[in-house]
Amino acid sequence: MARRPLGAGGVQVTELSFGAAGIGNLYSPITDAQAATAVDHAWNAGIRYFDTAPHYGLGLSERRLGKALRGRDRSSYVISTKVGRLLEPVDEVRGDDLADGGFAVPATHRRIWDFSADGVRRSIESSLSRLGTDRVDVVFLHDPDDHGEQAFREGYPALEKLRSEGVVGAIGAGMNQSEMLTRFVRDTDVDAVLCAGRYTLLDHGALADLLPAATERGASVVIGGVFNSGLLADPKPGARFDYTEAPPRLLEHASALRALAERHGTTLRAAALAFPFGHPAIASVLVGIHAPEQVTDAAEQFAAEVPAAFWREAREAGLLPEEVPVPSDPGALRGPRNPRGPLTPRDPGNPRGGNRP
């Protein structure tokens, strides 16, 4: 599977990546064996980029992922994890984490928001222990929506320092919005950002701010949530869009896209996976996976051809705006990219050339 660089650094990720929230028992439990099998199938499909977080299953995702990857050549794959939520043991376990975190695991810990420099280092140390590895390749500040000032003032400089020390290879932020991610790209020296749900066949919000900024600055974007919580996987009454039931107009829009895809001999899922790669800032598409059949389907759909005629007719029918780039456009996924455009003001104390806000 092809790989693409994250920004100007040396970390390269496969275009299709494994989102490991599911093997942390997101919404429903799976066994350790099922989690390991899912990772094995992803490996066999050529996926070499795996994304996890302490938040996912109160550390269960990291433990399962680390165990499943153990014994493989460490230089051949990339792990990203996240910081911002420290896990603190509770004195007494009462129930599960479904209500608080959405994970079907015993509530053995509570999450403490912490984007301080000390919190970042403690979080990474704990993640390394759970993963059973001596390094992580990519670290994202995780959902700093309500903690932006601390994340910019303390969390980001801590990650920058760890990168300069060689503890991590690439740094960035991961969120469900594009506005603050754009600020990270413009005002810091992040290598990449993970943007969930804001650049899909149905939601082009990131095209207004994040993607132009990333192109200008030479930063990369990993796209999550390409199915918008399920609507673009299987548009039917009751399907979800961004975690809530899809309104009728979006259901109609997704259904029209599916019908058009089928007329062109492809699928809506294949089109949803291909769509982000019309923009040159995109490095990888992250798909949440917890079962072997999901790996098989994701790999098959990712490899499927989406004819140029599909994209052309989608524009003609008003299902995609003319200004939204698609994979069949001339120059799609080709440079030139600016490796680190200028930051204002610059910080002369930063060996990477970024500035600390």
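Residues numbered from 1 in each chain as written. Predicted model: local features only at pLDDT ≥ 70, side-chain atom pairs only at ≥ 80, totals over all residues. Heavy atoms only, no water.

## Digging into the overall build of the protein chain
Alright, step 1. What the protein chain contains, in helices and strands, is eleven helices and 16 strands.
Alright, step 2. Here the C-alpha atoms of the protein chain give a radius of gyration of 20 Å, agreeing with the 21 Å that 2.2 N^0.38 yields for 357 residues.
Alright, step 3. Of all 357 residues assigned to the protein chain, the portion counted as buried reaches 57%.
Alright, step 4. Considering only contacts in the protein chain between residues 6 or more positions apart, those separated by 24 or more positions represent 73%.
Alright, step 5. Entry remark: accessible area of the protein chain is about 14,800 Å², with carbon and sulfur atoms responsible for 50%. (Helix = DSSP H or I, 4+ residues; strand = E, 2+ residues; numbered from the N terminus. Rg over C-alpha atoms; globule rule 2.2 N^0.38 Å. Buried < 20%, exposed > 50% of the residue type's maximum accessible area, 1.4 Å probe, protein only. Contact = heavy atoms within 4.5 Å. Areas by Shrake-Rupley, 256 points an atom, 1.4 Å probe, with all protein chains shown as cover.)

## Observations regarding helix α5 (residues 148-164)
Alright, step 1. With 17 residues, α5 ought to run about 24 Å at 1.5 Å a step, and its terminal C-alpha atoms sit 23 Å apart, in line with that.
Alright, step 2. At Gly-155, α5 shows its largest bend, some 35°, and a proline, Pro-157, comes one to four positions later.
Alright, step 3. What α5 keeps buried is the set Gly-148, Ala-151, Phe-152, Gly-155, Tyr-156, Pro-157, Ala-158, Leu-159, Glu-160, Leu-162 and Arg-163.
Alright, step 4. A positive phi of about 80° marks Gly-166, the residue just after α5. (Expected span 1.5 Å × (residues − 1). Bend = angle between axes of the 7 residues up to and from the residue.)

## Looking at the pattern of salt bridges
Alright, step 1. Applying the stated criterion across every chain yields a total of 28 salt bridges.
Alright, step 2. The salt bridge partner of Asp-32 is Arg-64, with a shortest N-O separation of 2.8 Å. Here Asp-32, found in helix α1 (residues 32-44), pairs with Arg-64, found in helix α2 (residues 60-69); they are 32 residues apart in sequence, far enough to count as distant.
Alright, step 3. Residue classification places Arg-64 among the buried residues on the basis of a relative accessible area of 10%.
Alright, step 4. Residue Arg-198 pairs with Asp-242 through a salt bridge whose shortest N-O separation is 2.4 Å. Taken as a pair, Arg-198 in the loop between β12 (192-196) and α7 (210-217) and Asp-242 in the loop between β14 (240-241) and β15 (244-245) lie far apart in primary sequence, 44 residues in all.
Alright, step 5. When salt bridges with common partners are traced through the structure, they connect Arg-74, Asp-134, Arg-135 and Asp-137 into a single cluster. (Salt bridge = Lys/Arg side-chain N within 4 Å of Asp/Glu carboxyl O.)

## Here's the deal with the nonpolar core
Alright, step 1. Formed by 91 residues in total, the largest nonpolar core has its most connected members in Phe-18, Phe-50, Phe-184, Leu-201, Val-221, Leu-231 and Trp-311.
Alright, step 2. If near-sequence neighbours (up to four positions away) are discounted, Leu-231 is found in contact with Leu-202, Ala-239, Arg-240, Phe-241, Ala-246, Leu-250, Leu-251, Ala-254 and Leu-268.
Alright, step 3. Core analysis: the second largest hydrophobic core is formed by 13 residues, Val-11, Ala-170, Val-222 and Leu-286 among them. (Core = buried A, V, L, I, M, F, W, Y, C linked by side-chain atoms within 4.5 Å.)

## Quick word on the sheet that holds β12
Alright, step 1. Spatially, eight strands are ordered β3-β4-β5-β10-β11-β12-β13-β16 in a closed barrel, and the strand pairing comes out parallel. On average, each strand axis in the sheet is tilted by 30° relative to the strand beside it, whichever way the strands run.
Alright, step 2. Note: strand β5 (residues 78-83) against strand β10 (residues 136-142), four bridges, orientation parallel. Looking across to β10, one finds that Lys-82 is bridged to Phe-140. (Pairing = 2+ DSSP bridges. Axes fitted to C-alpha atoms, helices over the stretch in contact; angles between N-to-C directions.)

## Thoughts on the pairing of β10
Alright, step 1. With seven of seven residues buried, β10 is to be regarded as a mostly interior element.
Alright, step 2. Bridge analysis of β10 against strand β11 (residues 168-175) gives six bridges, and the strand direction is parallel. Bridge pairing in β11 links Val-138 to Ala-170.
Alright, step 3. Note on the crossover from β10 through α5 to β11: the handedness is right-handed. (Right-handed = clockwise from strand over helix to strand, strands pointing away.)

## Looking at the side chain of Arg-163
Alright, step 1. Inspection of the secondary structure assignment puts Arg-163 in helix α5.
Alright, step 2. Arg-163 sits in the buried class, given a relative accessible area of 6%.
Alright, step 3. Here Asp-189 takes part through its backbone oxygen, which lies 2.8 Å from a polar atom of the side chain of Arg-163. (Polar contact = N/O pair within 3.5 Å; in protein donor to acceptor, adjacent residues only side chain to side chain.)

## Describing the side chain of Ser-178
Alright, step 1. Along the chain, the position of Ser-178 falls in the loop between β11 and α6 (179-187).
Alright, step 2. Within polar-contact distance, the side chain of Ser-178 engages the side chain of Asp-209 at 3.0 Å.
Alright, step 3. Each residue touching Ser-178, except ones within four places of it in the same chain, is listed here: Arg-198, Gly-205, Ala-206, Asp-209 and Leu-210.

## Quick look at the confidence of the model for the protein chain
Alright, step 1. With 93% of its residues at a pLDDT of 70 or more, the protein chain shows a mean pLDDT of 92.
Alright, step 2. Taken as a whole, residues 334-357 scores under 50 in pLDDT and shows 59 contacts with residues more than four places along the chain or in a different chain. (pLDDT = per-residue confidence, 0-100.)

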